[in-house]
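Take a look at the letters that make up each chain.
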Amino acid sequence: MTASDRPPAVPDWVRRPANLASAVTAELVGRVVRGVHPPGASLPAEPVLCESFSVSRTVVREAVKLLQAKGLVQVRQGAGTVVNPASMWNMLDELVLAAVIAEDETAAVLDDLVVTRRLLEADMALVAARTAGPEVVARLGELVDLMDELVDDPVAYREQDLAFHDTIMQVSGNRLARGVVRALESQVVNTARYVGPSERALCVASNQGHRRVYERIAAGDGEGAAKAMFDHITEAWLARRPGSGDPGRLER
């Protein structure tokens with residue numbers, strides 16, 4: 001058999017049945033977000049998708065169910081599987097959010113993420129200031145002091161930065177708000193466009209914001225802690241935000 005007679009190579013994921021529906025779903029999510037299948041259009045018919053992905057109808061149907069759960073499509077009698085407008089997509093879904101961020105060239109989605117995060121974290125800081133005991137206050141003080149020592153090591157600094165914010169979120173007792181923030185952050189924590197440049201000056205300025213939050217929590221000043229957290233998240237993002245797009249939605 002010559003090379004031209006051999007069948008095309010089958011992607012590795014096709015050989016793993018347990019991953020078939022997930023792999024097809026991930027590819028279709030990307031296509032919808034990129035506009036290959038725009039809102040109002042129908043996805044290709046089942047037989048076409050089966051042939052395109054070299055999978056069974058069962059796999060395609062499971063993938064479509066997953067797309068429905070993510071808010072990307074709906075099945076209409078006589079019209080097939082129709083793509084929903086972006087306003088109906090579940091932006092907290094891991095695949096959807098990752099795909100949208102990857103396609104966003106203006107930083108608008110990242111701006112929305114920051115706006116959402118600062119509102120939730122500001123409220124959690126307010127509660128933390130009213131409920132934090134001496135051990136929590138001491139822990140936050142230790143983290144702020146440690147970050148002062150790590151401003152020349154952005155990777156290590158980032159780890160303690162996350163620990164500082166998560167300590168406050170845990171103390172607030174708002175598990176839902178913490179879950180939302182953690183879900184959002186998990187999609188961008190390793191994204192260069194969100195993390196920004198690794199500069200000592202940025203770490204120094206960031207930790208000044210942390211220290212203001214810590215001082216207000218230590219003083220039991222809920223409103224002050226909320227404002228300090230709101231300002232810190234806003235200022236830290238504006239300092240590292242990509243240059244494209246309009247950051248006007250971040251105005252306080």
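Structural data are supplied above this passage.
In this section: the overall build of the protein chain. When helices and strands are counted, the protein chain shows 11 helices and 2 strands. Each helix and strand of the protein chain, ordered N terminal to C terminal, gives the series α-α-α-β-β-α-α-α-α-α-α-α-α. Out of the 252 residues belonging to the protein chain, those deemed buried represent 42%. Element-wise, carbon and sulfur atoms account for 53% of the exposed surface of the protein chain, whose accessible area totals about 13400 Å².

Structurally, M91 is set in the loop between β2 (80–83) and α4 (94–103). Along the sequence, M91 and V109 sit 18 residues apart, while their C-alpha atoms lie 10.0 Å from each other. In contact with M91, other than residues within four places in its own chain, are V96, L97, V100 and V109.

What follows is about the packing of helix α5 (residues 108–131) against helix α7 (residues 154–172). For the pair α5 and α7, the least separation of the axes is 8 Å and the interaxial angle reads 65°. Of the possible angle classes, the one that applies to α5 and α7 is roughly perpendicular. Considering how the two elements wind past one another, α5 and α7 form a crossing that is left-handed. Contacts between α5 and α7 involve R117, E121, M124, A125, V127, A128 and T131 from the first element and H165, I168, M169, V171 and S172 from the second. When the residues that make up the contact of α5 with α7 are grouped by side-chain class, the tally is 7 nonpolar, 3 polar and 2 charged.

Looking now at the pattern of salt bridges. Applying the stated criterion across every chain, the model contains 19 salt bridges. Linking E46 and R57 is a salt bridge whose minimum nitrogen-to-oxygen distance equals 2.7 Å. In this pair, E46 sits in helix α2 (residues 46–53) while R57 sits in helix α3 (residues 57–69), placing the two residues 11 residues apart along the sequence. Residue classification places E46 among the partly exposed positions, given a relative accessible area of 23%.

Of note, N207 is situated in helix α10 (residues 200–218). Within polar-contact distance, the side chain of N207 engages the side chain of H210 at 3.1 Å. Sequence-distant contacts of N207, defined by excluding residues within four places in its chain, comprise V144, M147, D148 and Y157.

Below, the discussion takes up unusual backbone geometry. With a phi close to 55°, S54 is a non-glycine residue in the positive phi region. Following the sequence through the fold, S54 ends up in the loop between α2 and α3. A residue is classified by how much of its surface remains accessible, and S54, at 55% relative accessible area, is exposed. Of note, A107 is a non-glycine position whose phi angle comes to about 70°, a positive value. Taking relative accessible area as the criterion, A107 reaches 0% and is therefore assigned buried.

Before going further, it helps to examine the pairing of strand β1 (residues 73–76). Moving residue by residue along a regular strand, the side chains alternate between the two faces of the sheet. Here β1 pairs with β2 via 4 bridges, running antiparallel. Within the sheet, the bridge partner assigned to V75 lies in β2 and is T81. In this antiparallel pair of consecutive strands, β1 and β2, the connection spans 3 residues, and G78 shows a positive phi of 85°.

A separate point is the nonpolar core. Counting 56 residues, the largest nonpolar core has L72, F164, I168 and I217 as its most contacted members. Contacts of F164, omitting those with residues within four sequence positions, involve L140, L143, V144, M147, H210, V213 and Y214.

This part is about the packing of α4 against helix α8 (residues 175–188). Their axes nearest at 10 Å, the elements α4 and α8 cross at an angle of 45°. Classified by the interaxial angle, the pair formed by α4 and α8 is oblique. Read as a crossing pair, α4 and α8 show a hand that is right-handed. Facing α4, whose interface residues are E94, L97, A98 and I101, α8 presents L184, Q187 and V188. Residue classes in the contact of α4 with α8 are distributed as 5 nonpolar, 1 polar and 1 charged.

What follows concerns the packing of aromatic side chains. Throughout the structure, instances matching the rule amount to 1 aromatic pair. Looking at R240, its charged tip hangs above the ring of Y194, at a distance of 4.7 Å from the centre.

Reading the values: the criteria
- Residues numbered from 1 in each chain as written.
- Predicted model: local features only at pLDDT ≥ 70, side-chain atom pairs only at ≥ 80, totals over all residues.
- Heavy atoms only, no water.
- Helix = DSSP H or I, 4+ residues; strand = E, 2+ residues; numbered from the N terminus.
- Buried < 20%, exposed > 50% of the residue type's maximum accessible area, 1.4 Å probe, protein only.
- Areas by Shrake-Rupley, 256 points an atom, 1.4 Å probe, with all protein chains shown as cover.
- Contact = heavy atoms within 4.5 Å.
- Axes fitted to C-alpha atoms, helices over the stretch in contact; angles between N-to-C directions.
- Parallel < 35°, antiparallel > 145°, perpendicular 65-115°, else oblique.
- Left-handed = near helix turned anticlockwise from the far one by under 90°.
- Nonpolar A, V, L, I, M, F, W, Y, C, P; charged D, E, K, R; others polar.
- Salt bridge = Lys/Arg side-chain N within 4 Å of Asp/Glu carboxyl O.
- Polar contact = N/O pair within 3.5 Å; in protein donor to acceptor, adjacent residues only side chain to side chain.
- Pairing = 2+ DSSP bridges.
- Core = buried A, V, L, I, M, F, W, Y, C linked by side-chain atoms within 4.5 Å.
- Phe/Tyr/Trp six-rings, centres within 6.5 Å; stacked < 30°, edge-to-face > 60°.
- Lys NZ or Arg CZ within 6 Å of the ring centre and 35° of its normal.

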